[in-house]
Each structure stands twice: as C-alpha cells, then as structure tokens.
Amino acid sequence: MVAAQPAYEMYSNNWIVFQPDVIIDAVQGCMWKTEISLPGFVDMISDKCLLIEVLLHRAGAKSLILDVVRSLVTPKTASSLTTIGEIFNRLNQVYAYNEDMKSDFEVLSITKSWLAANAVSVIQQDDVYTHVFYPIFGEQRARRDEKSNSSFPISVMVEYIASLQTFDLPVHFYLYELLVNTLVDCGQLFRLHQFLQYHVMADSKHLACLLLSLQNVYPPAFQIALDMLKRLGTAHDEIVEVFLSKHQVLTAIRYLRSVGLANQMQPRKFLSVAKESGDPDIFYTTYKYFEDINVKQRNTTSFAPGDHCEEYQHHFSVLFCQ
C-alpha cells in the first residue's frame, strides 16, 4: 500500500528561498529544487518573437526553439515573413556573438567551462538546416509536392540567408544547394538567375559545380558557373576541366596562357581530349602548340619521356602522314 503524500502549504510564510532555485520549509522539514517547464512558455506567450527571446535565455531550450521555428515556417501554420525575418535576425545575432566570443576566448585562453556556464541557447546553420528546412522543404522536394506553395519555402530560405549575411556569417553550401534545387524543381529559373546575378548566393567552387550539373535543365547555368569560377581567381584547374569536358581544348589553352600558367600544362591531358574530339584540325593545332613549347623549352619538337605522349605522336604521324 502506497502512503498518501502529505499536503504542503503553497507559498508558506515558513519558506526560505535560496536563489536561484532552492526552497526550504523548516517547519515541514522539506527542501525543494524548482525547475521551469519550458514547453509551458509556448502556450503562455503568443508573441513568437518574445517567446524566442525568452527561450534563448534558458538552458536546454535549443530543441524547443527549433520546434517553434519549424512550426513558424511550416506552410500550414506559418507566420508572416516579417515575423520569421525578425526571429531569424535574433537567432543569428546570438549565433554571430557566440562565434565572435569563441575567437576572443581562444585569444584570451579562458576556459570553455566558463563559456558554457554563461551561454544562452545558440542556433547554428546546421541546426536550422537539419531540424527546420530539410524536414519541411527537403522532404517536400522529395515528394515533388505540386500542391504546395513553391514561393513560400524559397522566400523563407532567402530570408534566412540574408539574415546570415547581415551578421557577416559565411553561409554553408548545403543551404545554397537546397535553395537552388528548390528553385529548379519549382521551375523558377529566372529567379535563380536573379539571385546569382545580384549575388544573393556567394561565389564558391561548390556552387559553381552545382550549377554545372544543371546545364542540361538550364543551359545558361554553364556560363554563370564559368563566370563564377573566374571571379574566384583560385579555380584555374576547375575552369580548364570545364573546357576540356566540352572538348574546348584550344579555349582551355588560351585560358591558361591568359593567366600565365601555360608552362604548367600537361600535354598528354590536352592531346587526349583533342584526339577524343574526333576533329583533326583541333588535334593538329593542339599537337603543334605543344611542339612549339618543346622547342622553346628544350630546343626539340620531341616530347620528353615523362610526358608519355608516344600514343599521340603515333596518332599524329598516321593522321597527317608525317
């Protein structure tokens, strides 16, 4: 038989409170440790911006914050973009502050335990992607849900990316990838072009490669990706590979010459693509170009043994009877 729990007088005059969360009733001989029920805030606070502000200052509230944000951007229960934007800004303000503080603490060699004890809940990009965007918009893409409002997820993702950029936080590629794929799935290719033209999405090798993979669906993506790689200034190898994939051997050679890397070319790679093109003129011009390089470097038209170009020397002799 379970003994009945004694009744305690609430807010008794006998209570002694020790901040922040200990209560002692000396008369009853009891001590309690209080805890806040975080989910209760969701029902108590209707102002979502205020709700997020309160939760940000509560330890262990990260998962609840992500649940709230997910409900705010879910199409059926969505808030206005203005409210969503304000919440994103507040989350990223804390995120940016935390990133700055990490750098400062590394410089000052202050222990991480102090940081942990004084930190608010921090919502990072991978949290938003994994727990908010992908469960809603990624799975929506997988289902090819034509009944959904395609403009809303795009607007939400752009709002979040813009917020990250406001606080000088580098946007991770997986967010751009989800946005680009959603735009393509929704047929909003003109909007994709605008985002790229006005640099809503920052230049990167990853993004350029993603655009190259879309050229069959959206042909202008090829030139946009190429321009992006050129702006980066550190993607010479990638640009050459793009040209060679199109069998544009001479264009690849001209590009390397324009950036002062002509002496770093591997003849075998270019001759192989020239041969695969099936165009004798291209192979002839490419072969003669490297012969000229050989003359300038070694005073002979012959390729060095390390170039491994015997196959192409033989092909040239057969093709042009030389």
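In the block above lies the structure referred to throughout.
Everything numeric here is computed off the predicted structure, so don't read it as measured data. (Residues numbered from 1 in each chain as written. Predicted model: local features only at pLDDT ≥ 70, side-chain atom pairs only at ≥ 80, totals over all residues. Heavy atoms only, no water.)

Peer 1: Whenever I open this one, the overall build of the chain confuses me. Can you help?
Peer 2: Regarding its fold elements, the chain presents 16 helices and three strands. Counting over 322 residues, the chain shows a buried share of 38%. Here the chain has roughly 18900 Å² of accessible surface; of this, 53% comes from carbon and sulfur atoms. (Helix = DSSP H or I, 4+ residues; strand = E, 2+ residues; numbered from the N terminus. Buried < 20%, exposed > 50% of the residue type's maximum accessible area, 1.4 Å probe, protein only. Areas by Shrake-Rupley, 256 points an atom, 1.4 Å probe, with all protein chains shown as cover.)

Peer 1: Any chance you could explain the packing of aromatic side chains here in plain terms?
Peer 2: How two aromatic rings sit relative to each other is given by the distance of their centres and the angle of their planes. The final tally for this structure, using the stated rule, is 14 aromatic pairs. With a centroid separation of 6.3 Å and an interplanar angle of 85°, the aromatic rings of F88 and F133 are classed as edge-to-face. With F88 in helix α4 (residues 81–108) and F133 in helix α6 (residues 125–143), this pair connects stretches of sequence that are 45 residues apart. Assigned by exposure class, F88 and F133 land together as buried. Members of the aromatic cluster, joined through ring pairs, are F283, Y284, Y287, F303 and F316. For the cation-ring pair, K246 lies above F222, with the distance from its terminal atom to the ring centre recorded as 4.9 Å. (Phe/Tyr/Trp six-rings, centres within 6.5 Å; stacked < 30°, edge-to-face > 60°. Lys NZ or Arg CZ within 6 Å of the ring centre and 35° of its normal.)

Peer 1: I tried to follow the pattern of salt bridges on my own but got confused; where do I start?
Peer 2: Where charged atoms of side chains with opposite charge meet at close range, the side chains can pair. In total, this model carries nine salt bridges according to the counting rule given. Of the charged contacts, one joins R70 and D67 as a salt bridge, the two residues approaching to 2.6 Å between their closest N and O atoms. Remark: D67 and R70 occur in helix α3 (residues 62–73); sequence separation between them is three residues, near one turn of the helix. Judged by its relative accessible area of 25%, R70 falls in the partly exposed class. One salt bridge connects D203 with R231, and the closest N-O pair in it is separated by 2.7 Å. Of this pair, D203 sits in the loop between α9 (189–197) and α10 (205–212) while R231 sits in helix α11 (residues 220–232), and the two are 28 residues apart along the sequence. (Salt bridge = Lys/Arg side-chain N within 4 Å of Asp/Glu carboxyl O.)

Peer 1: Sorry, what's going on with the sheet that holds strand β1 (residues 15–18) here?
Peer 2: In a beta sheet, neighbouring strands pair by backbone hydrogen bonds and run either parallel or antiparallel. Sheet architecture is open: three strands sit in the order β1-β2-β3, paired in antiparallel fashion. The sheet terminates laterally at β1 and β3 (30–33), the two strands that pair on one side only. Across the sheet, the mean angle separating the axes of adjacent strands is 20° when strand polarity is ignored. (Pairing = 2+ DSSP bridges. Axes fitted to C-alpha atoms, helices over the stretch in contact; angles between N-to-C directions.)

Peer 1: Sorry if this is basic, but what is going on with the pairing of strand β2 (residues 22–25) here?
Peer 2: Here β2 shows a clear split, with I23 and D25 buried on one side and none of V22 and I24 buried on the other. As paired strands, β1 and β2 are joined by four bridges and run antiparallel to one another. Counted as the bridge partner of W15 is D25 from β2. Taking the residues that link successive antiparallel strands as the turn, the β1-β2 hairpin has three residues. Pairing of β2 with β3, which is carried by four bridges, proceeds in the antiparallel orientation. Of the residues in β3, the one forming a bridge with V22 is K33.

Peer 1: How should helix α14 (residues 267–276) be read in this particular structure?
Peer 2: Residues spaced three or four apart along an α-helix face the same direction, because each turn holds 3.6 residues. The complete set of buried residues in α14 reads P267, F270, L271, S272, V273 and A274. As for α14, its buried residues are in contact with α12 (236–245), α13 (249–258), α15 (280–298) and α16 (310–320). Just downstream of α14, G278 is the residue with a positive phi angle, here 75°. (Contact = heavy atoms within 4.5 Å.)

Peer 1: Honestly, helix α8 (residues 173–185) in this entry has me stumped. Any pointers?
Peer 2: Between the first and last C-alpha of α8 there are 18 Å, a value that for 13 residues agrees with the 18 Å anticipated at 1.5 Å per step. Regarding α8, the residues found buried are L175, Y176, L178, L179, V180, N181, T182, L183 and V184. (Expected span 1.5 Å × (residues − 1).)

Peer 1: I tried to follow the packing of α8 against α10 on my own but got confused; where do I start?
Peer 2: Geometry of a packed helix pair, given as the angle between the helix axes and the separation of the axes. Here α8 crosses α10 at 25°, and the two axes come no closer than 10 Å. With respect to α10, the axis of α8 lies roughly parallel. Seen from above, α8 lies across α10 with right-handed handedness. Judged by residue contacts, F173, Y176, E177, V180 and N181 of α8 engage H206, L207 and L210 from α10. (Parallel < 35°, antiparallel > 145°, perpendicular 65-115°, else oblique. Left-handed = near helix turned anticlockwise from the far one by under 90°.)

Peer 1: In this structure, what is going on with the environment of R191? I would like to understand it.
Peer 2: Within the secondary structure, R191 sits in helix α9. Given the relative accessible area of 24%, R191 is considered partly exposed. Considered as a pair, R191 and V180 are eleven residues apart in the sequence and their alpha carbons are 9.9 Å apart.

Peer 1: Any chance you could explain unusual backbone geometry here in plain terms?
Peer 2: Negative phi is the rule for most residues except glycine; trans is the rule for most peptide bonds. Following Q19, the chain continues to P20 via a peptide bond in cis, the omega torsion being 5°. Tracing the sequence through the fold places P20 in the loop between β1 and β2. Backbone geometry places D168, a non-glycine residue, at a positive phi of 55°. With respect to the element layout, D168 can be found in the loop between α7 (151–166) and α8. Of the residues examined, D168 reaches a relative accessible area of 68% and is grouped as exposed. At H308, a position not held by glycine, the phi torsion is positive, near 55°. Within the secondary structure, H308 sits in the loop between α15 and α16.

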